[in-house]
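Reading the structure
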Amino acid sequence: MPDWVHPVSDYMFHEGLRGTLEIAVVSLVGALVIGVLLGTLLTIDFRPLRAAIRLYIEVWRGLPILVTIFIIFFALPAASPALEFSPLTAAAIGLILWGSAQVAETTRGAVVSIPREQHEAAAALGFGWIGRHVFVILPQALRRLLPPVVSLLVNIIQNTTIAQVIGANELLESGERSVERLTAPPPIGLGEVHAFEIYGAVMVVFFLISFPLTRLAAYLERRLA
Amino acid sequence: MSVLAFEWGYLVENGDALLHGLYRTIYVSAIAIAGAFVIGLVLGAARAYRIPVVSPVAAVYVEVIRNTPILVQIFMLYFALPEVGIRLDAFTVAWLSVMLWGGAFNTENFRAGFEAVPERYREAAFGLGFGPLGVFLNVALPIGGRIALPSSINTYISVLKNTSLLYVISYPELTTTALQINALTLQTVETFTVLAVIYLVLVWSMSAAIRLLEGHLALPEAR
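**What about the overall build of chain B?**
For chain B, the count of helices and strands is eight helices and zero strands. Reading the helices (α) and strands (β) of chain B from amino to carboxyl end gives α-α-α-α-α-α-α-α. Dimensions of chain B, computed from the C-alpha atoms along their principal axes, are close to 75 × 50 × 25 Å. Relative to all contacts within chain B whose residues are 6 or more apart in sequence, the contacts with residues 24 or more apart total 78%.

Right, dumping it as structure tokens:
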């Protein structure tokens, strides 16, 4: 193997892949927490609340994620200097907004699919609205949420690459930096173009992460169906 | 620049440029959606009926596209292929990348649609003397195609949204145009408000169109 491979792959794994996983984990957790909450609230029969949550879902699902991330990264600081975020944070916020909109929609469906008797039985046992949902309804609904959540994880992992556009150091960005560095004339680089090998490797890594997860999602869907 | 007051003059000064960008977004999306429709139809049928050679090749294509980020695919086509002697201009990469992506997802949509056509319908058609192609065109396509319709239109909406990623190859569609205007005018709040509103209008009207179309084309039993 040529000499450049080792330092480049070292850099991409330790800096790039780490950034990718960081954004993915934060985004998944954030999307789940906000999404499950909004989706559960969406089942309450109170029009203004439902309309507000609907608007949230339609806006963040409707916008391209790149545009959402641009708004957070460029437009928010222009509106108020307090709203300045690092590229990594801005990307994670964008993915949380988009992901939570997806989760909210699926949660609503899952909560509605739990039979009414479960609500009534829990109410008869003296649970209030919150207790009823936290201890009785959601634990059952979350089981149905599992396959779509695994699919969401795949989508989030792939969409972390959008953070590259605003310069967050994730896997694709670390690849681009490596390509640029190797292209630079010596002594900085080698004056050689290795875009095909490096972007190809990025593609392979994403495939190796995503493929087992897509299989898992399909398997869970079959088993829970 | 006042921060919270929207300066309406922005639209007068930059309206033309934005409309040009919007036109390119719609143009590229239209090519990609038409291509994704054909790919989905042909490869979806090949997958559903396990046509030798074509079906496994289509399966590999679908898995590779679905399990890798579209942004990396765009990078491969535009920044990596020249290294092996294949030079594509920005416009070609623009429609090709989103078309290949949409085609892969649409193959799955149509495969699921065709597989959902009850076997007895096809047997009945064979019994009436239709050949394999006749059965496909007269029975599997009208029924399976309609089952696949909602999910395939969702794919087309995603294709439209994904054209925003063409920003990375500087193809002057809507997002690229808006960012160029932003760099020149520094009217950041105006730029991103307008950009967001245009995308939402596009995406929301497409979703509204689906619902209308769904009502029209839905199978009698689904109504």
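Having seen it, we continue.
**A word on the overall build of chain A**
Of regular secondary structure, chain A possesses eight helices and zero strands. For chain A, the succession of helices and strands along the chain, N to C, is α-α-α-α-α-α-α-α. Radius of gyration (C-alpha) of chain A: 22 Å, far over the 17 Å computed for a compact globule of 225 residues. Expressed as lengths along the three principal axes of its C-alpha atoms, the size of chain A is roughly 75 × 45 × 25 Å. Relative to its full complement of 225 residues, chain A shows a buried share of 42%. Here the analysis covers contacts within chain A between residues at least 6 apart in sequence; of these, 75% occur between residues at least 24 apart.

**Details of the confidence of the model for chain A**
The predicted coordinates should not be examined in detail at positions where pLDDT is low. Averaged over every residue, the pLDDT of chain A is 92; the share at 70 or more is 100%. Element-level pLDDT for chain A is lowest in helix 5 (residues 116-124) of chain A, with a mean of 89, against a maximum mean of 95 in helix 2 (residues 47-62) of chain A.

**Considerations on the nonpolar core**
Residue and element names in this part refer to chain A. If you look at the biggest cluster of nonpolar residues, it comprises 116 residues, and the most contacted ones within it are Ile69 and Ala91. Sort the elements by how many residues they give to this core and helix 4 (residues 87-112) lands first, with 13 residues. In this view, Ile69 contacts Ala90, Ala91, Gly94, Ile162 and Ile166; residues no more than four positions away in its chain are not counted.

**Concerning helix 1 (residues 5-41) of chain A**
The α-helix winds at 3.6 residues per turn, so residues separated by three or four positions along the chain end up facing the same way. The terminal C-alpha atoms of helix 1 of chain A lie 51 Å apart, and with 37 residues this matches the ideal 54 Å at 1.5 Å per residue to within 8%. Of all the bends in helix 1 of chain A, the largest measures some 30° and sits at A:Phe13.

**Focus on the environment of A:Tyr199**
Following the sequence through the fold, A:Tyr199 ends up in helix 8 (residues 195-224). Residue A:Tyr199 is classed as buried on the basis of its C-beta count, with 26 C-beta atoms lying within 10 Å. In this structure the C-alpha to C-alpha distance between A:Tyr199 and A:Gly175, which are 24 residues apart in sequence, comes to 6.6 Å. What A:Tyr199 contacts, discounting residues up to four positions off in sequence, is A:Gly175, B:Val72, B:Phe75, B:Met76, B:Phe79 and B:Ala80.

**What about the confidence of the model for chain B?**
Scored by pLDDT, chain B comes out at a mean of 91, with 96% of its residues at no less than 70. Predicted as a complex, the structure gets a pTM of 0.91 and an ipTM equal to 0.91.

**Some words on the interface of chain B and chain A**
Counting from both sides, the interface comprises 30 residues of chain B and, opposite them, 32 residues of chain A. Elements that contribute at least two residues to the side of chain B that touches chain A include exactly helix 2 (54-66), helix 3 (70-80) and helix 8 (188-217) of chain B. Ranked by residue count, the leading element in the side of chain B that touches chain A is helix 8 of chain B, at nine residues.

**Focus: the packing of helix 1 (residues 9-48) of chain B against helix 6 (residues 132-162) of chain B**
All names here are of chain B. The N-to-C vectors of helix 1 and helix 6 enclose an angle of 140°; their axes lie 10 Å apart at closest approach. Relative to helix 6, the element helix 1 is oriented oblique. As for the relative orientation of helix 1 and helix 6, their crossing is right-handed in sense. Across the interface between the two elements, Ser29, Ala32, Ile33, Ala36, Gly40 and Ala45 from helix 1 touch Phe136, Ser152, Thr155, Tyr156, Val159 and Leu160 from helix 6. Its residues assigned to classes, the contact of helix 1 with helix 6 shows eight nonpolar, four polar and no charged.

**What to know about unusual backbone geometry**
Cis geometry marks the peptide bond from A:Pro186 to A:Pro187; its omega dihedral reads 10°. Not every positive phi belongs to a glycine, and B:Leu186 is a case in point at roughly 60°. You can see B:Leu186 is positioned in the loop between helix 7 (174-185) and helix 8. A tally of 11 C-beta atoms within 10 Å means that B:Leu186 is categorised as exposed.

**Notes on the environment of B:Arg66**
Tracing the backbone shows B:Arg66 in helix 2. A C-alpha to C-alpha distance of 28 Å links B:Arg66 and B:Thr177, two positions 111 residues apart in sequence. Apart from the residues lying within four places of it in its own chain, the contact partners of B:Arg66 are A:Thr214, B:Ala104 and B:Phe105.

**Examining the packing of helix 3 (residues 65-79) of chain A against helix 8 of chain B**
Angle between the axes and distance between the axes: these two values describe a pair of packed helices. The geometry of helix 3 of chain A relative to helix 8 of chain B is characterised by a closest axis approach of 9 Å and an angle of 150° between their N-to-C directions. Overall, the two elements helix 3 of chain A and helix 8 of chain B adopt an arrangement that is roughly antiparallel. The way helix 3 of chain A lies across helix 8 of chain B gives a crossing that is left-handed. Contacts from A:Val67, A:Phe70, A:Ile71, A:Phe74, A:Ala75, A:Ala78 and A:Ala79 in helix 3 of chain A reach B:Thr188, B:Val189, B:Phe192, B:Leu195, B:Ala196 and B:Tyr199 in helix 8 of chain B. Residues of the contact of helix 3 of chain A with helix 8 of chain B, tallied by class, amount to twelve nonpolar, one polar and no charged.

**Details of the environment of B:Leu212**
Structurally, B:Leu212 can be placed in helix 8. Sequence separation between B:Leu212 and B:Tyr10 is 202 residues, and the spatial gap between their C-alpha atoms is 35 Å.

Cut-offs applied
- Residues numbered from 1 in each chain as written.
- Chains lettered and ligands numbered in written order.
- Predicted model: local features only at pLDDT ≥ 70, side-chain atom pairs only at ≥ 80, totals over all residues.
- Helix = DSSP H or I, 4+ residues; strand = E, 2+ residues; numbered from the N terminus.
- Contact = placed C-beta atoms within 7 Å.
- Rg over C-alpha atoms; globule rule 2.2 N^0.38 Å.
- Buried ≥ 20, exposed ≤ 12 C-beta atoms within 10 Å, placed from the backbone.
- pLDDT = per-residue confidence, 0-100.
- Core = buried A, V, L, I, M, F, W, Y, C linked by C-beta atoms within 7 Å.
- Expected span 1.5 Å × (residues − 1).
- Bend = angle between axes of the 7 residues up to and from the residue.
- Axes fitted to C-alpha atoms, helices over the stretch in contact; angles between N-to-C directions.
- Parallel < 35°, antiparallel > 145°, perpendicular 65-115°, else oblique.
- Left-handed = near helix turned anticlockwise from the far one by under 90°.
- Nonpolar A, V, L, I, M, F, W, Y, C, P; charged D, E, K, R; others polar.

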